[in-house]
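Notes for the structure review
So the chains spell out like this:
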Amino acid sequence: MTQYPMTAKGAEMLREELQHLKSVKRPEIIKSIAEAREHGDLKENAEYHAAREQQSFCEGRIQDIEGKLSNIQIIDVTKMTNTGKVIFGTTVTILNLQTDDEITYKIVGDDEADIKNNLISVSSPIARGLVGKQLDDVVTIQTPKGAIEFEIIEVEYV
């Protein structure tokens, strides 16, 4: 059985999405299917087929979330002592040694990742290159543009 690492916030977001799908989205889709059935011939009823497709997607997502929630491993780094080591859930500030650009990432689970908010998946190339390293380490990470060296300048357990 696969364990899914996740922050407490990520687990709460999944629970909220599941609640929304079950209490809001599912009833809307059922209503859409009922309305489409009233239009007659189901073979050529595009509204009916679209609603059934939505239902299939919604039910699949519900099953996916329920499966993940039953196998999550919540990791709360705020309760751990900051040793300067990069682990799942830490917020890491790195310095690109070629361009002197500084960027901060939080390493989170796959379902929580959002690059626009600097939340990177633990399975991303950058996170894999950082996990296990220490504060002040210099790491080389393979990117689409080639190998780039970064220095870990801050590790926060927040």
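Quick caveat: nothing in here was measured; it's all calculated off a predicted structure.

Reading guide: rules and limits
- Residues numbered from 1 in each chain as written.
- Predicted model: local features only at pLDDT ≥ 70, side-chain atom pairs only at ≥ 80, totals over all residues.
- Heavy atoms only, no water.
- Domains from an automatic or database assignment.
- Contact = heavy atoms within 4.5 Å.
- Buried area = accessible area lost by both parts, 1.4 Å probe.
- Salt bridge = Lys/Arg side-chain N within 4 Å of Asp/Glu carboxyl O.
- Polar contact = N/O pair within 3.5 Å; in protein donor to acceptor, adjacent residues only side chain to side chain.
- Helix = DSSP H or I, 4+ residues; strand = E, 2+ residues; numbered from the N terminus.
- Nonpolar A, V, L, I, M, F, W, Y, C, P; charged D, E, K, R; others polar.
- Axes fitted to C-alpha atoms, helices over the stretch in contact; angles between N-to-C directions.
- Parallel < 35°, antiparallel > 145°, perpendicular 65-115°, else oblique.
- Left-handed = near helix turned anticlockwise from the far one by under 90°.
- UniProt positions renumbered as here; feature names shortened; annotations may be inferred.
- Core = buried A, V, L, I, M, F, W, Y, C linked by side-chain atoms within 4.5 Å.
- Buried < 20%, exposed > 50% of the residue type's maximum accessible area, 1.4 Å probe, protein only.

What follows concerns the domain arrangement of the chain. In terms of domain boundaries, the chain breaks down into domain 1 (4-74) and domain 2 (77-156). Just the C-alpha atoms count here: the centres of domain 1 and domain 2 sit 34 Å apart. Every contact between the two is made by 7 residues of domain 1 and, on the other side, 6 residues of domain 2. Taking both partners together, domain 1 and domain 2 bury about 540 Å²; carbon and sulfur atoms supply 61% of that area. Considering only the surface of domain 1 that becomes buried against domain 2, Pro5, Met6 and Thr7 emerge as the three largest contributors, covering 65% of it. On inspection of domain 1 and its partner domain 2, the count reaches 1 salt bridge. Where Asp111 meets Lys68, a salt bridge forms, and the shortest distance between an N and an O atom there is 3.0 Å. The tally of links between domain 1 and domain 2 comes to 3 residue pairs in polar contact (both at pLDDT 80 or more). Elements with a contribution of two residues or more to the side of domain 1 that touches domain 2: β1 (4-6), α1 (8-37) and α2 (46-70). For the side of domain 1 that touches domain 2, the residue count by class is 3 nonpolar, 2 polar and 2 charged.

Let us look at the packing of α1 against α2. At a closest axis distance of 9 Å, the pairing of α1 and α2 adopts a crossing angle of 160°. Regarding the angle of α1 to α2, the classification is roughly antiparallel. Read as a crossing pair, α1 and α2 show a hand that is left-handed.

On to the UniProt feature "domain: Transcription elongation factor GreA/GreB C-terminal" (unreviewed entry) in the chain, then. In this structure's numbering, the residues bearing the UniProt feature "domain: Transcription elongation factor GreA/GreB C-terminal" (unreviewed entry) are residues 83-157. Each end of residues 83-157 is marked by a C-alpha atom, and these two atoms are 9 Å apart; helix forms 8% of the span and strand 44%.

Core analysis: the largest hydrophobic core is formed by 18 residues, its most contacted members being Val86, Val92, Ile94, Leu130 and Ile152. Counting only elements with at least two residues in this core, the list comes to β3 (91-96), β4 (102-108), α3 (125-130), β6 (138-143) and β7 (146-156). Tallying contributions element by element places β7 first for this core, with 4 residues. Those residues within four positions of Ile152 in sequence are excluded, and the remaining contacts are Val86, Val92, Thr93, Ile94, Leu130, Lys133, Gln134, Leu135, Asp136, Asp137 and Val139. Leu14, Leu21, Ile33 and Ala36 belong to the second-largest nonpolar core, a separate cluster that totals 15 residues.

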